[in-house]
Structure formats: C-alpha cells, structure tokens
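Each chain, written out:
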Amino acid sequence: MSGIIQLLPDHVANQIAAGEVVQRPASVVKELLENSIDAKSTEIKLVVKDAGKTLIQVIDNGTGMNITDARLCFDRHATSKIRHAEDLFSLDTKGFRGEALASIAAIAHVEMKTKQDQTELGTHIVIEGSKIISQEVAVLPKGTSFIVKNLFFNIPARRNFLKSDTIEMRHIIEEFHRVALAHPKIIFKFYNNTNEVFNLPSSNLRQRIVNIFSGKTNEKLVPINEETEIASVEGFVGKPEFSKKNRSEQYFFVNNRFIKSPYLHHAIISAYEGILKEGLQPVYYLYISVPPHTIDINIHPTKTEIKFENEQLLYAILRSSIKHSLGQFNIAPAFDFDRDANLDIPYHYKDKVAKNPTIEVDRNFNPFLEQSSKKHTSEVKFFEQMYQTSKKDADVLSLKSNFVVEPENITNSLFEEQQREYKTFQIHKKYIISTIKSGVLIINQQRAHQRILYEQFLTHITLHNAPSQQLLFPLNLNFLPEEIMLISEIETTLNILGFIFEINSDYISVSGIPVGVAESDVQAVLCQLLDDLKTEVPGVGLNQNDFIAKSMSKSLSIKTGGYLTENEQENIVNSLFSCKEPGFSPFQKSTFITIRLDELDKKFIL
Ligand code: ADP
Ligand code: MG
C-alpha cells in the first residue's frame, strides 16, 4: 500500500525556502550585494526601479563564475563558501547557506551575466521561477551582473503584501546602509529610476559614515577603540546631544556583518545611562571583531542574529569602552582620572588565578626631596589627579593605602598632617564628602557600596575564588517549596559565592557562608534574592550571575542612615574608585557628583 507522504518538487521547496530568505525587494538587494562582496569586488553598482518591485540590478567587478558554477549557483544548498559543517565556525564570507540565489530564482525573473578574469568569454543565463530559460556564451566584462525582475510574479499573495514604494525604498536604503557601512573600502553606486542616490568612494570608516549620513554627522561622532584578548571594538558613538527619538542610525557589526543583538544594544545604551534624556536613543556605528570560532551565525536565515561564546564579556567590554570614550570627550559626568589599562577586560577570564596585590615600597623615600625614585603605580596616579597633591603626597598616600609598611623616613606627625588634607566627612548618614583638585566630591554611600560589592561578587563568581567561612553549627532556614526550587536553580552560583548548604524539602541547612557576610544577615540576603527572582521580568534579567551579584549588593550594602567611621568612609572612597565603573551603582544610579570650585564661586558672587 502506498503512503501519503511525497517529496516536494524542487521548485516548490525553493519557493517555500524563498519565503524565509526573501521577504521584500530589500532582501534581494542584501543577498546580491553580499554575494558581490564575497566575490571580492572593489566596486558595486546597485540599480532599482519602482522600489525594486520591477527591477533590481547589481553589477560587480568581482571574481565572476565559470560556466559550471554559473549554472550550479541557482541550485539549493549550492555554495562555494563552506564545505564542511566545521567551516561554519571559521567564516569570513557573508553567505554560506547557498540558498539565496535558488530562492530568488524561484520567485522572480532572473538574468545573470558573469565572467572570470582569466577566461575570454562569460556566461549569460536566464532563469524564471526556477526554470532555466536560456544559457549562452557571451562577451562580457569581468565580474557578475544580476538582474532580478518582477519579484513574486508567481506568488500574488506576497506581491500584494508589499508596501508602498516609499516604504519598500526605505527598506532598500537601510540594507544598502548596512552593507556600505560594513565595507568602507568598496566603491558603491546606487541609482533609483536613473536618479543617483549614493555615490560612495573608497574611504575610511568616518568618511563613509559622513558620506552616507551627510557632512553634519562628522561633529557628532566620538571614536571608540578598544583591543582586548577576546574582542576588539572600533567605530563611533554619537554625542548625547545628537541623540534621536527613534532607533535609526544604530549600527552594530560583528566581523563586518550587520547584527541585531538586543543584549549588546542594551550594553551600548547603558553606557549612556545618566547622560541621555528619557526616551532618546543614541546613534552608534560599532564594529566588533571576534575570532570566528567564538560565534555562531547559523541561527537565522537572514543571518542577522548570532550567538556569542563570550556574550557577557562582550557586554562589559562594549559598555566600558563606550563609557570611557564618552568620558574622554568630556561627555560623561566630568571626572578626570586616568584609566588603568589593566582594567580593560572587565572581569578576568574564568579560571585565571587572581594575583595577590604586590606592594612596592621605596625604603630610601624622603618626602622632603622633590625627586623621588619611586615608580608610580596607577593608584598613585589616580590620587595625584584626584586630590590636590604633590608628588610626595601621592607617595605617602600610596603607602597608606597599602597599609603595610611605614617607611623609616616618614615621621608620624608628617603622616597625620598629610592625612588631614584628604579628610572625608559623612553628612546626614547618607553622603560622604571629600575635596578634590577641581572642587568637592559628594558620594552616595549606599550606591557606592553597592557598586563595590557588586564588582566584588562578580569577580568572585567569575574567578571561582570566593572564600567561605564554616559555621560552627549549621543554620536551618525555612522556605516555601517554590522558594526551595528557586534556590536549587541557583545553587551552583551560591556555592561559588561561598554559601555551602544542603537542600531539604522545606528548609536548607547552611554550613558555610561567604567571608564578610554575617551569620545574622544570611536569611535577609537569601530572602531578598528570592524576592528579586520572583519579581524578575522574564527576558529582562540579563544573566543569573549578574542578577545574583546585584541582589546581594543591594541587601549587603551600607544603607542610608548607617553611621560610618572615618576609616570606613575612606575605605569606601578608595574602593569605589578602584571599581571598573565607579560612576554608577549596579542599578544605574549615579554614585557621586562633583561640584566644581567655579560653580561654588558663582554661588558666592554676592
Ligand atoms: P551563498 O552566498 O550562501 O554561498 P548564494 O545562493 O547567495 O549562496 O550563492 C551561491 C554561490 O554562487 C556562491 O557561493 C558563489 O560561489 C556564487 N556567486 C553568487 N553571486 C556571485 C557573484 N556576484 N560573484 C561571484 N560568484 C557569485
Ligand atoms: Mg549569498
């Protein structure tokens, strides 16, 4: 008895597949432009008529195809770009699925002319609805030309679904922008119904952006440049004052491929936290390069979504490099301290052993001599700029903050004298006040402490090095069954942080807790964590580690109303400014403000 299952004929399968690849004329533009780029073209011309509905033509001067390939390129899964599944992880081409041309040929009238450099003659093929109409030898220039006419001629439903010419044209221009921005060295020409839309010479990135988005763009751009071991970030972000009400002009490329990543978009936006008005969107043109084996592009037919191996690190790198650049260009809250290059990779690689801090002490140090042979650590540099100090002061400070050795030449009285200059005050059990070179620094103690704890916890989680203290008697804490379930979901991370416990049906038995957490705090910390987990909006929580570090920083931080000794105040100031992002709490609230002397002076003008 014969069954009811049949294999679909190729042209039907192609039509179905085409639905995924080709949604509108702009999709054809994207695929053809990308093929031209993969063919190593140095000049690409795009012509459209009626917003691509009647004609899309792409002419390139790339490698072209020989007679066999010219025929084969329209087959499904016909690609010259990968051979083995492993090749997917070392991609340096835009295409690899081998389905674009098959899809386009299934739903349009296609004409292709192609010639390789080394051959006399080229090939001219006409194909309509997957059927080869003609194939001829022809005299042609080097390169390839595709003409795609009457898109969706055989799928009226699709054709009727197309939007007005204005809207379809906007989509085409957007695809064109993405491709042209990713390849500034390639010459692009773009005509719409014989009008020239773009004529882009080969240029550098900044010029390409300016050529596409008008000369005024130039003054908006803040350069980003960051090299780390796992990724490099290049490009530009817009100054906050040029932000827009919509999300146009946000371009994010990974290995020169335009990518949509809500997660990394969030990283970029969060770098603007505090300097952007509500509801405004910054412009950005960012290019990340990562080793191809650390990404997986193979998760969407239009290839605009990818998976990253190191997503969290990329998040941190992006965010901190943008913050840094905005700060350097005096855009972020003005605060002038030199960034230590060692901080470039935010939370060190997992499994890397943390080094103990080394102490450099110059035993011949003489504070009364201007010339000191002591090498400046970054910390010293920081203090030098931050506080009104001379070189000697800075040295004293660095010794002080290393807590250990008191050099022979420094007398106690001198030490105290120096110390008084950096005195901190606590006001209203809420703020810590200190003087800096340019004026006054006011720190919100709770937010600052949250930032410090948050970074500590994250580091512990990443490095797996949180010390745990054993409890003399296990602590039994009761929870609801659904809470027990939540706890078991995050058990590993809690273990890493130093919480050692056994899970039972309605209670947990805690035998170890993180060093620095009081036994009496454990219940509150876990309850807060459970509360946070329960109210987490699905999809918004970025990741579990970050989430737990945030929650714990909230429950363990010194609160407003907490009295701080002078030592504690100083500790907070020092630790805050050794953080990677001292300016903001983990919840994106400012941790400190500065009041400049001239602002103060203005208030005393009368
Ligand atoms: P993919 O780009 O995923 O390989 P396509 O269907 O877009 O699949 O193209 C199929 C093949 O046709 C490509 O792998 C390439 O070898 C060839 N090809 C397509 N366009 C061009 C072009 N403009 N110049 C040279 N070769 C091309
Ligand atoms: Mg392709």
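Provided above is the structure to which this section pertains.
Given the structure is predicted, the values throughout are model-derived calculations rather than measurements.

Asks: Can you walk me through the overall build of the chain in this structure?
Replies: Each helix and strand in the chain was counted, giving 19 helices and 22 strands. Taken over 606 residues, the chain has a buried fraction of 48%. Expressed as a percentage of contacts within the chain between residues at least 6 apart in sequence, the contacts between residues at least 24 apart total 69%. Summing over all exposed atoms, the chain offers an accessible surface of approximately 31100 Å²; the carbon and sulfur share of this is 52%.

Asks: Where do I start with helix α18 (residues 566–576) in this structure?
Replies: Along an α-helix, a turn takes 3.6 residues, which lines up residues three or four apart on a common side. Turning to α18, its buried residues are Q569, E570, I572, V573 and L576. Buried residues in α18, looked at end-on, bunch into an arc of 155°, giving them a common side.

Asks: Would you explain the pairing of strand β1 (residues 43–49) in this entry?
Replies: Within a regular strand, side chains alternate between the sheet's two faces. In this sheet, strand β7 (residues 187–192) lies alongside β1 in parallel orientation, the contact comprising six bridges. Among the inter-strand pairings, L46 is bridged to a residue of β7, identified as F190. By the bridge criterion, six bridges tie β1 to strand β2 (residues 55–60) in an arrangement that is antiparallel. Looking at the pairing, V47 lines up with Q57 of β2. Two successive antiparallel strands, β1 and β2, enclose a turn made up of five residues, where D50 displays a positive phi of approximately 50°.

Asks: Explanation requested: the packing of aromatic side chains in the structure shown.
Replies: We describe a pair of aromatic rings using the distance from one ring centre to the other and the angle between the two ring planes. Applying the stated criterion across every chain yields a total of 14 aromatic pairs. The rings of F213, Y251, F253, F258, Y285 and Y287 are connected pair by pair, giving a single aromatic cluster. Over the face of the ring belonging to F161 we find K163, whose NZ or CZ atom lies 5.6 Å from the ring centre.

Asks: It is not clear to me how the nonpolar core should be interpreted in this structure. Could you clarify?
Replies: A general trend in soluble globular proteins is that nonpolar side chains are found buried together. With 59 residues, the main nonpolar core has L46, F74 and Y285 as its most contacted residues. The element contributing the most residues to this core is helix α6 (residues 165–182), with seven residues. Residues in contact with F74, not counting those within four places in the same chain, are L101, A102, A105, V110, M112, I125, I127 and F146. Listed in part, the 34 residues of the second largest apolar core include A231, Y272, V290 and I317.

About the cut-offs
Residues numbered from 1 in each chain as written. Chains lettered and ligands numbered in written order. Predicted model: local features only at pLDDT ≥ 70, side-chain atom pairs only at ≥ 80, totals over all residues. Heavy atoms only, no water. Helix = DSSP H or I, 4+ residues; strand = E, 2+ residues; numbered from the N terminus. Buried < 20%, exposed > 50% of the residue type's maximum accessible area, 1.4 Å probe, protein only. Contact = heavy atoms within 4.5 Å. Areas by Shrake-Rupley, 256 points an atom, 1.4 Å probe, with all protein chains shown as cover. Arc of directions from axis to C-beta. Pairing = 2+ DSSP bridges. Phe/Tyr/Trp six-rings, centres within 6.5 Å; stacked < 30°, edge-to-face > 60°. Lys NZ or Arg CZ within 6 Å of the ring centre and 35° of its normal. Core = buried A, V, L, I, M, F, W, Y, C linked by side-chain atoms within 4.5 Å.

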